[in-house]
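Here is what each chain is made of, one letter per residue.
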Amino acid sequence: QSLGGFGAQVASGGLDAALGSLGLQDLRGRPAAEVVARVAEHLSHGATGRQAEVLETALRDTIFDIAAIEGTGSYEDLDTALQSFMDREGLEGFIEVFLSQYVFTAVWSYFESHANKKSDGTTDEALASAVESACHSLVFQELKGVRDSQQFGSVDWFGSAGQRFADRIVNQLQSSVSGLQ
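One numbering rule holds for all chains: residues counted from 1, following each sequence as written. Two thresholds apply to this predicted model, a pLDDT of at least 70 for residue-level local features and 80 or more for giving and counting side-chain atom pairs, whereas whole-chain, interface and lining totals are computed over all residues. To obtain the side-chain values, all non-hydrogen atoms of the structure were used and water was disregarded.

(A) Representation of the environment of F140 in the model. Each helix corresponds to a stretch of at least 4 residues labelled H or I by DSSP, and each strand to a stretch of at least 2 residues labelled E; elements are numbered beginning at the N terminus. Among the secondary structure elements, F140 is positioned in helix α5 (residues 125–148). Each residue gets one of three labels from its accessible area relative to the maximum for its type: buried under 20%, exposed over 50%, partly exposed in between, using a 1.4 Å probe on protein chains only. When its relative accessible area of 41% is taken as the criterion, F140 is described as partly exposed. Here the alpha-carbon distance between F140 and S100, two residues 40 residues apart in the chain, equals 7.9 Å.

Here it is as structure tokens:
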């Protein structure tokens, strides 16, 4: 099952139903961090190499970002937060958060080694925040174009078409970064 199926299950039946659909019912009642990590690992199992790492990180961070809107900590907090988000934003909002996180993760990993380092060797958080903001803005603009052309519902966002959409944005941003060097 895909992230979209997971999101749809959360929307229709809550976290228990979504975990059951993934065969991860043993996570019911476990701490939120454990649930999120295992769901991300499970949903990214088909990818390989660097793509698997980027996908798993993006999945994990997407779920954490959505859950942080309403609260964190326990299984119940995670269930409530995910359900509230889906009620408020729907699958389109879920897709937007995921695509933004995927693009940011891919772009940031691409040029993290080129990022400005502080004298103590840590990555500049302001730069990471700016890159994340740029990624979200570009994803939002691209999705707006898809929505405006009334094509949103016809795209398999969690299949190859969604992957091509995200990779096109990643490549566009990576080219922009490469041009600055």
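(B) Looking closely at the environment of S44. Considering the arrangement of structural elements, one finds S44 in the loop between α2 (32–43) and α3 (49–70). The spacing of S44 and T57 is 13 residues in sequence and 9.2 Å in space, taken between C-alpha atoms. Here S44 is in contact with A52, L55, E56 and L59, once residues within four sequence places are set aside. Within polar-contact distance, the side chain of S44 engages the backbone oxygen of A40 at 2.9 Å. Nitrogen and oxygen atoms within 3.5 Å of one another constitute a polar contact, given that in protein one can donate a hydrogen and the other can accept it, and given that sequence-neighbouring residues count only through two side-chain atoms. For S44, the side chain forms a polar contact with the main-chain oxygen of E41, separated by 3.3 Å. It only takes one pair of heavy atoms within 4.5 Å for two residues to be counted as in contact.

(C) Representation of the nonpolar core. Take the buried residues of types Ala, Val, Leu, Ile, Met, Phe, Trp, Tyr and Cys, join any two whose side-chain atoms come within 4.5 Å, and each joined set is a nonpolar core. Counting 54 residues, the largest nonpolar core has F6, V39, L78, L99 and V103 as the members making the most contacts within it. When contributions to this core are tallied by element, the ones reaching two or more residues are α1 (3–22), α2, α3, α4 (75–111), α5 and α6 (160–180). When residues of this core are assigned to their parent elements, the largest contribution, 16 residues, is made by α4.

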